[in-house]
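What follows is each chain in one-letter form.
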Number of protein chains: 10
Amino acid sequence: MTTRAELTEKIIAHKVFNDIKWADVAAAVGQSKEWTTAALMGQISLTKDQIAKVDNAMGINFSDEEVALLMTVPYRGSLPTAVPTDPLIYRLYEVVNVYGTTMKALIEEEFGDGIMSAIDFTMDISRTEDPKGDRVKIVLDGKFLPYKMY
Amino acid sequence: MTTRAELTEKIIAHKVFNDIKWADVAAAVGQSKEWTTAALMGQISLTKDQIAKVDNAMGINFSDEEVALLMTVPYRGSLPTAVPTDPLIYRLYEVVNVYGTTMKALIEEEFGDGIMSAIDFTMDISRTEDPKGDRVKIVLDGKFLPYKMY
Amino acid sequence: MTTRAELTEKIIAHKVFNDIKWADVAAAVGQSKEWTTAALMGQISLTKDQIAKVDNAMGINFSDEEVALLMTVPYRGSLPTAVPTDPLIYRLYEVVNVYGTTMKALIEEEFGDGIMSAIDFTMDISRTEDPKGDRVKIVLDGKFLPYKMY
Amino acid sequence: MTTRAELTEKIIAHKVFNDIKWADVAAAVGQSKEWTTAALMGQISLTKDQIAKVDNAMGINFSDEEVALLMTVPYRGSLPTAVPTDPLIYRLYEVVNVYGTTMKALIEEEFGDGIMSAIDFTMDISRTEDPKGDRVKIVLDGKFLPYKMY
Amino acid sequence: MTTRAELTEKIIAHKVFNDIKWADVAAAVGQSKEWTTAALMGQISLTKDQIAKVDNAMGINFSDEEVALLMTVPYRGSLPTAVPTDPLIYRLYEVVNVYGTTMKALIEEEFGDGIMSAIDFTMDISRTEDPKGDRVKIVLDGKFLPYKMY
Amino acid sequence: MTTRAELTEKIIAHKVFNDIKWADVAAAVGQSKEWTTAALMGQISLTKDQIAKVDNAMGINFSDEEVALLMTVPYRGSLPTAVPTDPLIYRLYEVVNVYGTTMKALIEEEFGDGIMSAIDFTMDISRTEDPKGDRVKIVLDGKFLPYKMY
Amino acid sequence: MTTRAELTEKIIAHKVFNDIKWADVAAAVGQSKEWTTAALMGQISLTKDQIAKVDNAMGINFSDEEVALLMTVPYRGSLPTAVPTDPLIYRLYEVVNVYGTTMKALIEEEFGDGIMSAIDFTMDISRTEDPKGDRVKIVLDGKFLPYKMY
Amino acid sequence: MTTRAELTEKIIAHKVFNDIKWADVAAAVGQSKEWTTAALMGQISLTKDQIAKVDNAMGINFSDEEVALLMTVPYRGSLPTAVPTDPLIYRLYEVVNVYGTTMKALIEEEFGDGIMSAIDFTMDISRTEDPKGDRVKIVLDGKFLPYKMY
Amino acid sequence: MTTRAELTEKIIAHKVFNDIKWADVAAAVGQSKEWTTAALMGQISLTKDQIAKVDNAMGINFSDEEVALLMTVPYRGSLPTAVPTDPLIYRLYEVVNVYGTTMKALIEEEFGDGIMSAIDFTMDISRTEDPKGDRVKIVLDGKFLPYKMY
Amino acid sequence: MTTRAELTEKIIAHKVFNDIKWADVAAAVGQSKEWTTAALMGQISLTKDQIAKVDNAMGINFSDEEVALLMTVPYRGSLPTAVPTDPLIYRLYEVVNVYGTTMKALIEEEFGDGIMSAIDFTMDISRTEDPKGDRVKIVLDGKFLPYKMY
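Remember, predicted model here, so these are calculated numbers, not experimental data. (Residues numbered from 1 in each chain as written. Chains lettered and ligands numbered in written order. Predicted model: local features only at pLDDT ≥ 70, side-chain atom pairs only at ≥ 80, totals over all residues. Heavy atoms only, no water.)

A.B. asks: Outline the interface of chain A and chain B, supporting the account with residue identities and numerical values.
C.D. replies: Facing 69 residues of chain A, the contacting portion of chain B comprises 69 residues. Summed over both sides, the interface between chain A and chain B buries roughly 6700 Å², with carbon and sulfur atoms accounting for 68% of that surface. One can count 10 salt bridges joining chain A with chain B. A salt bridge links Glu109 of chain A to Lys15 of chain B, with the nearest nitrogen and oxygen atoms 3.4 Å apart. For the pair chain A and chain B, the interface holds 30 residue pairs in polar contact (both at pLDDT 80 or more). (Contact = heavy atoms within 4.5 Å. Buried area = accessible area lost by both parts, 1.4 Å probe. Salt bridge = Lys/Arg side-chain N within 4 Å of Asp/Glu carboxyl O. Polar contact = N/O pair within 3.5 Å; in protein donor to acceptor, adjacent residues only side chain to side chain.)

This is the structure in structure tokens:
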């Protein structure tokens, strides 16, 4: 049996070997590149119709078993360890570990007690040109959800 | 002996009891609220001069031992466990855990192999008004650092 | 050899691809949807007769090896890590982590020293309509078991 | 310096020694017993006014430092280990560990892909009389938050 | 503030220095030596009356704060690590680790699917004389609780 | 290649599907049901002769490779995680975790400093009928081994 | 499907059996032996052209699937556990664990607050002859990145 | 009682507040700055004579208890967690995690099977000026110890 | 309250400052240096009489509370983490980790299935002079305990 | 692909089924039984010539892929978990855990600050006859490596 993780690797290898862009697959699906990539990375389920569009854009020719895997709401979590070892992903974890209490303090000062939703949430990743070296800009935008008294 | 963690708790309790804003302390220091809060949360060292400005703005009256602690480059890391238990901070960890491979895929598609710096890095936390509920917007902006062949 | 985990994935993929409802499978078995889903998720053993009813309702055509797996009392535990990474399941873990001592305090105030059974126990999951957004209602109902002096 | 954990222990010891009921403290504060107990267990912050009412009902005579601790939004998480060792709390963790994937499957069948909020959330703990032994009933009631395409 | 762990150490040191037997303390309380020792080891709460009897038998002269600690239902768990390091206790853990699936298989063959209660439960520790070396006999006696269909 | 764990699963599935009793297999081997089950659970090695008797009683028809696996002294440890997730086995772990220091205190009071052997050791699992619900009785019987001065 | 880890093992086994030197493969690729070995150990991605040169030098005859794996930016991290068990690699970890705070203190004294990049970074491993036994010399050379105020 | 960790913090705070250089303390002791800093960080024991020189150079006025702590061979290990959270130290850990198998492969190709000693070992940390940003250069120099047949 | 760990540190600091030898303390107690050191390291309990001899030889002047601690059977385990960080102790752990299965294979080949006792056990540590560098010789000598059929 | 772990299992199964002694294989290779067993357990690499001798003595008929695996310097570490679960190996770990600080204290008293090498190291396992039960004798003999000032 194929696992979701193996299917993810197959999709990535196919993309790399054929030099396909996530942005182009996203355009075919009609969603943002962030949402589409997350779906193909095994973190979001797709409909049969969206899978057909992905297959059309990438030329993978999914089997029925693979379609079923892509339709299933996944057990989310994309990292093999609680603390990531990949340097790019670790830097994001480092931001949470070092600045987490700072973010908590500032969000609570501005909004009161509550959280930023990670569900009613969008993410945008872009490049800012800079003569001293281009910069990565990640915007996380989530609804504030206040704790309630009852 | 006082530890840095105990000093952090003392500063927070003083702030809460006297209803002081991080933004006002930051204005007194002359840096952003994000940088200043992180310093007082024990993640960044301050100069003697900056500590005097903080003390002036907050009215804590730091001892010499406390000043020395605030001047020392801290052993960074603000969380007591590798996986955070506080719901606000956990949501940020969840973003890294669920969308980490997505962020990696998109940054590498745009920039090639490398990382977003967590050192040459700024962070901005703000509120976006929204009729369906206001939103938290977190912007992470770091220099892209490419891996090099040698 | 097939493992119980692989069989679980096969059953889920079959369900998703063919758009079968857990509630319908449960009706065929003659038990609640909570009990039946837990059994097919690999947490409860089934009898040969119940397996035949499941097979009839789902059309999977289990092999003898698969029937044996479904008949075996499983080594229970449905999560791959001690702290769940899937956001839906994490929220339930968060309730235990944040409110666990509260639940303990209130149950002990009401009943004295003891526990709520997780064996003589039923679970009910339902939807409450709400104009501000529908709500999930989870009812856990377990026998109180007092500690005894001896 | 007093920590929040030490203050929690002090409040509990005072309650036990003087035979005070959480329900009575909650009535004095004007909130549910679940919310009030969670606050005094160090998981929710209180206002100065609410603290005064607690103090009035319990007769503890909080110091300014203790009031500041109770006013501070806590770093949430009430358990000393990721897997709880206390049998009462472990039983709740066991429910999540054994039935977590079942709950996920049923919530997703009913609502689609999303989560039950642990923030816009209430909890109710009560006793059901039963001739075979009284039962504990825990109702968790949280808003469903759907994942969004973007 | 005294913690429950510190009080436990104080009671043990007092017992050792004054050569008091747990069995004699238990006789004064009117319960088994297993139950009484577990209570004084911080795993079971005592009533004011039982505490007075313990104090009478041991001559410790508990303060009010210590009485409150002994009255409080403890957060149970007597070991500092998930895998015990003390050789005596490790041997018991080893039995669970090596023979756990055997015990599960035999209990389920005899009783069907369910568990042995660790709450409606007694424990008896005794010595069996044996010319090849005396033996420790531990009897665990718990009610069988069957899983139920619903 | 087959692993010992896979062979264990194969033996269990065969037993369940054909409704064979461990006690009957044990009678064929001429050892207790506890010892025999532990051996087939992969925790004790068997001789060629004993394997032949097992095969005769169960009708599995072991291959040479499987015989070699059953003859090999296994790397013992029957649980996939340090803290068991299966509720039946967890209850035994809970006894060690909650009552471990109690057992240590009572064994040392009776015998002096030392341990109960987990090697020169027998285990007996039986049913006690009880009108309030039958009980599981587990007897652990191990030689006391004293620490020595030298 | 082949995983990157399996491909790494295949490359190493081929190298060992045919007595190929990493230095010779590196010369064929036109990069340092450190960079080339890291790439073939699965920590750096290669271009199609570089892969062809590797294949030419080693005579492995990579399949298209293997080429795709070598082209993909890997999820970095070459060790199976957070604390390495291999003695050679453990010694390096020991240096970080024992002397980490020393390195931090000296780098901060020389450069101020910041880090040594592990991305804009080269590594050189060489042999120094020594009559008392030859020595391994590892030079780590990374750009200093200062923390910034903002 | 003072612990070694508390004494380390006291020494660092004293150094920072009085703007003392590790290099100057090392010159007073007559050893390298790397060795001297490691000793004061609690990783190497000092003689009474060396402690007197440190005290002279820093003006701390150690008590007898503090002298005894500095004379004791420490339980080495300078980090509070197995995976460091401080970004500077993490980068060194990252080098071991990502390039560890590469270093192993190259050392073994050059020297045969064995390790680089972390005991017969020196470390040198220096600054290299570079117009694109100065660089940190860390040289680890350890004796090669071969595995032996016997 | 003093803990056993703090008392251990006090004894070591006293020994180091006054240049006392473990071997001389052992001679005063009338046991081996290995046993005596282990007792003072907090791993073995001492009698009142032995404590008096230690006190006489070392000149510490133990308080009654300290005597009680030394008389108590300790919760054994001398290391702060499951994997030791101190290089000397780690090397011993490395021997177990790397050669553990080898030791198991050879002991079982010689003795059959069973273990080497760590209770009926002596340890001897000595120096062997060697022109290429003196050697540490550790002899572990434990009774073989066979597994039994029953 | 075969892994080194699978090859180790194959060699052991072959040895057990054909009743071959490690000592005889060692004699064929011309090394000690300890070294030879460790090599076949996957902890030491063998030369082509040694592999041929092993194959001759055992009659396994290794494939080229298997020869390559045996020639490769392995990633050492023979245990599946940081704390061993096998009782025989655990007893050795227990010695390190309970007596580790004792061994450290005695080696440092005899030799000064340093370690016992685990590389320039031999191990000898033998049987001592004893009327009260034969004993296992393990001799660890390693070069002392002193820490150096520089």
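A.B. asks: Summarise the pairing of strand 1 (residues 114-128) of chain J; cite the residues concerned and give the values.
C.D. replies: Residues and elements named next belong to chain J. One ladder, built from 11 bridges, connects strand 1 with strand 2 (residues 135-146); its direction is antiparallel. Opposite Phe121, over in strand 2, you have Gly142 as the bridge partner. What sits between the antiparallel neighbours strand 1 and strand 2 is a turn of six residues, in which Gly133 has the positive phi angle 125°. (Pairing = 2+ DSSP bridges. Helix = DSSP H or I, 4+ residues; strand = E, 2+ residues; numbered from the N terminus.)

A.B. asks: With reference to specific residues and values, describe the sheet that holds strand 1 (residues 114-128) of chain F.
C.D. replies: With respect to topology, four strands assemble into an open sheet ordered 1(E)-2(E)-2(F)-1(F), the strand pairing being antiparallel. Both outer strands of the open sheet, strand 1 (114-128) of chain E together with strand 1 of chain F, are each paired with one neighbouring strand and no more. Across the sheet, the mean angle from the axis of one strand to that of its neighbour is 20°, orientation sign disregarded. (Axes fitted to C-alpha atoms, helices over the stretch in contact; angles between N-to-C directions.)

A.B. asks: Would you mind going over the packing of aromatic side chains in detail, with residue names and values included?
C.D. replies: Summed over all chains, the structure comprises 40 aromatic pairs over all chains. Judged by centre distance (6.0 Å) and plane angle (25°), the rings of Tyr99 of chain E and Phe121 of chain F are stacked. Of this pair, Tyr99 of chain E sits in helix 6 (residues 87-111) while Phe121 of chain F sits in strand 1, on two different chains. You can call Tyr99 of chain E buried: its relative accessible area is 7%. Pairing Phe111 of chain G with Phe144 of chain G gives two aromatic rings, centres 4.6 Å apart and planes at 25°, and the pair type is stacked. Within this pair, whereas Phe111 of chain G is found in helix 6 (residues 87-111), its partner Phe144 of chain G is found in strand 2 (residues 135-146), the two being separated by 33 residues in sequence. In this structure Phe111 of chain G comes out as buried when scored by relative accessible area, which is 13%. For Phe144 of chain G, a relative accessible area of 9% translates into the label buried. Between the NZ or CZ atom of Arg76 of chain E and the centre of the ring of Tyr147 of chain C, over which it lies, the distance is 3.9 Å. If you follow Lys48 of chain J out to its NZ or CZ, it ends over the ring of Phe17 of chain G, 4.3 Å from the centre. (Phe/Tyr/Trp six-rings, centres within 6.5 Å; stacked < 30°, edge-to-face > 60°. Buried < 20%, exposed > 50% of the residue type's maximum accessible area, 1.4 Å probe, protein only. Lys NZ or Arg CZ within 6 Å of the ring centre and 35° of its normal.)

A.B. asks: Account for the relation of the copies chain C and chain D, with residues named and values stated.
C.D. replies: The relation between the two chain copies is a rotation about an axis coupled with a shift along that axis. Once turned by 180° and shifted 0.0 Å along the axis, chain C lies on chain D with an RMSD of 0.0 Å. This pairing of chains is accounted for by a two-fold axis. Ranked by how close their C-alpha atoms come to the rotation axis, the residues of chain C are headed by Val139 of chain C, at 2.3 Å. Interface overlap between copies is the fraction of interface residues in one copy that are interface residues in the other; for chain C against chain D it reaches 100%, indicating a shared surface. (Least-squares fit on C-alpha atoms with pLDDT ≥ 70 in both.)

A.B. asks: Give a detailed account of the arrangement of the chains, specifying residues and quantitative values.
C.D. replies: Between chain A and chain F there is no contact, and the shortest C-alpha to C-alpha distance separating them is 16 Å. The two units chain C and chain G never meet; even their closest C-alpha atoms stay 16 Å apart.

A.B. asks: Explain the relation of the copies chain A and chain B to me, and be specific about the residues and the numbers.
C.D. replies: Overlaying chain A on chain B yields an RMSD of 0.0 Å, the required transformation being a rotation through 180° with an accompanying axial translation of 0.0 Å. When you check the interface residues of chain A against chain B, 100% turn up at the interface there too, and the contact is symmetric in its surfaces.

A.B. asks: Could you give an account of the interface of chain C and chain D, with specific residues and numbers?
C.D. replies: Taken together, the contacts link 69 residues of chain C with 69 residues of chain D. Summed over both partners, the interface of chain C with chain D comes to about 6700 Å²; 67% of that surface belongs to carbon and sulfur atoms. A salt bridge links Arg135 of chain C to Asp120 of chain D; its shortest N-O distance comes to 3.1 Å. In this assembly, chain C and chain D are joined by 30 residue pairs in polar contact (both at pLDDT 80 or more). Counting residues per element, the ones that place at least two in the side of chain C that touches chain D are helix 2 (22-29), helix 3 (33-40), helix 6 (87-111), strand 1 (114-128) and strand 2 (135-146) of chain C. Tallying contributions element by element places helix 6 of chain C first for the side of chain C that touches chain D, with 24 residues. Per-class residue counts for the side of chain C that touches chain D are 36 nonpolar, 13 polar and 20 charged. (Nonpolar A, V, L, I, M, F, W, Y, C, P; charged D, E, K, R; others polar.)

A.B. asks: Account for the UniProt feature "active site" (unreviewed entry) in chain A, with residues named and values stated.
C.D. replies: Under the feature "active site" (unreviewed entry), the UniProt entry names Arg91, Glu94 and Ser117 of chain A. As for its position among the elements, Arg91 of chain A is in helix 6 (residues 87-111). Among the residues examined, Arg91 of chain A registers a relative accessible area of 2% and is labelled buried. With residues up to four places along the chain from it excluded, the contact list for Arg91 of chain A reads Ile115, Met116 and Ala118 of chain B, Ala118 and Ile119 of chain G together with Arg91 and Glu94 of chain H. For Glu94 of chain A, the position within the fold is in helix 6. With relative accessibility at 3%, the residue Glu94 of chain A sits in the buried group. Excluding residues within four positions of it along the chain, Glu94 of chain A makes contact with Tyr99 of chain A, Ala118 and Ile119 of chain B together with Pro87 and Arg91 of chain H. (UniProt positions renumbered as here; feature names shortened; annotations may be inferred.)

A.B. asks: With reference to specific residues and values, describe the packing of helix 6 of chain G against helix 6 (residues 87-111) of chain H.
C.D. replies: Interhelical geometry of helix 6 of chain G versus helix 6 of chain H gives an angle of 145° and a closest axis separation of 10 Å. Considering how the two elements wind past one another, helix 6 of chain G and helix 6 of chain H form a crossing that is right-handed. Residues Leu88, Ile89, Leu92, Tyr93, Val96, Gly100, Thr101, Met103, Lys104, Ile107 and Glu108 of chain G of helix 6 of chain G lie in contact with helix 6 of chain H, whose contacting residues are Leu88, Ile89, Leu92, Tyr93, Val96, Gly100, Thr101, Met103, Lys104, Ile107 and Glu108 of chain H. Each residue belonging to the contact of helix 6 of chain G with helix 6 of chain H can be placed in one class, and the counts come to 14 nonpolar, four polar and four charged. (Left-handed = near helix turned anticlockwise from the far one by under 90°.)

A.B. asks: Pulling in residues and values, what's your account of the side chain of Arg135 of chain A?
C.D. replies: Tracing the sequence through the fold places Arg135 of chain A in strand 2 (residues 135-146). Residue Arg135 of chain A is classed as buried on the basis of its relative accessible area, which comes to 11%. Among the polar contacts listed, one links the side chain of Arg135 of chain A to the side chain of Asp120 of chain B, at a separation of 3.1 Å. Ignoring sequence-local partners within four residues, the contact set of Arg135 of chain A consists of Ser126, Arg127, Thr128 and Asp130 of chain A together with Phe111, Asp120, Phe121, Thr122, Asp141, Gly142, Lys143 and Phe144 of chain B.

A.B. asks: Hey, could you go over the pattern of salt bridges for me, with residue numbers and the actual values?
C.D. replies: Going through the model one piece at a time under the given rule, you end up with 130 salt bridges over all chains. Among the salt bridges present, the one from Lys104 of chain G reaches Asp86 of chain H, with a minimum N-O distance of 2.9 Å. Taken together, the residues Lys104 of chain G in helix 6 and Asp86 of chain H in the loop between helix 5 (64-71) and helix 6 connect one chain to another. For the salt bridge of Asp49 of chain J with Lys53 of chain J, the shortest nitrogen-to-oxygen distance reads 3.4 Å. In this pair, Asp49 of chain J and Lys53 of chain J both sit in helix 4 (residues 48-58), four residues apart, roughly one turn of the helix. Counted as one network, the salt bridges with shared partners bring together Asp120 and Asp141 of chain A, Arg135 of chain B together with Lys148 of chain D.

A.B. asks: I'd like to hear about the environment of Tyr90 of chain B, residue by residue, with values.
C.D. replies: Following the sequence through the fold, Tyr90 of chain B ends up in helix 6 (residues 87-111). For Tyr90 of chain B, a relative accessible area of 2% translates into the label buried. In this structure the C-alpha to C-alpha distance between Tyr90 of chain B and Pro74 of chain B, which are 16 residues apart in sequence, comes to 23 Å. The contact partners of Tyr90 of chain B, leaving out residues within four places of it in the chain, are Val83 and Pro84 of chain B together with Pro84, Thr85 and Tyr90 of chain C.

A.B. asks: Explain unusual backbone geometry to me, and be specific about the residues and the numbers.
C.D. replies: The backbone of Asp19 of chain B sits at a positive phi, close to 55°, despite the residue not being glycine. In this model, Asn61 of chain F sits at a positive phi of 70°, which is unusual for a non-glycine residue. For Asn61 of chain F, the position within the fold is in the loop between helix 4 (48-58) and helix 5 (64-71). Relative accessible area serves as the criterion here: at 66%, Asn61 of chain F is assigned to the exposed category.

A.B. asks: Explain helix 1 (residues 4-18) of chain J residue by residue, including any values.
C.D. replies: Between its first and last C-alpha, helix 1 of chain J extends 21 Å over 15 residues, near the 21 Å set by a 1.5 Å rise per residue. Here helix 1 of chain J has its buried residues at Arg4, Leu7, Thr8, Ile11, Ile12, Ala13, Lys15 and Val16 of chain J. On its buried face, helix 1 of chain J is in contact with helix 5 of chain F, helix 6 (87-111) of chain I together with helix 2 (22-29), helix 3 (33-40), helix 4 and helix 5 (64-71) of chain J. Asp19 of chain J lies just past helix 1 of chain J and shows a positive phi near 55°. (Expected span 1.5 Å × (residues − 1).)

A.B. asks: So what about the sheet that holds strand 2 of chain A? Which residues, and what values?
C.D. replies: Read from one edge to the other, the open sheet built from four strands follows the order 1(A)-2(A)-2(B)-1(B), with strand pairing classed as antiparallel. The open sheet has two edge strands with one neighbour each: strand 1 (114-128) of chain A together with strand 1 (114-128) of chain B. Shown here is a sheet whose adjacent strand axes are inclined to one another by a mean of 20°, direction ignored. Note that strand 2 of chain A and strand 2 (residues 135-146) of chain B share nine bridges and pair antiparallel. Note that in strand 2 of chain B the partner of Gly142 of chain A across the bridge is Val136 of chain B.

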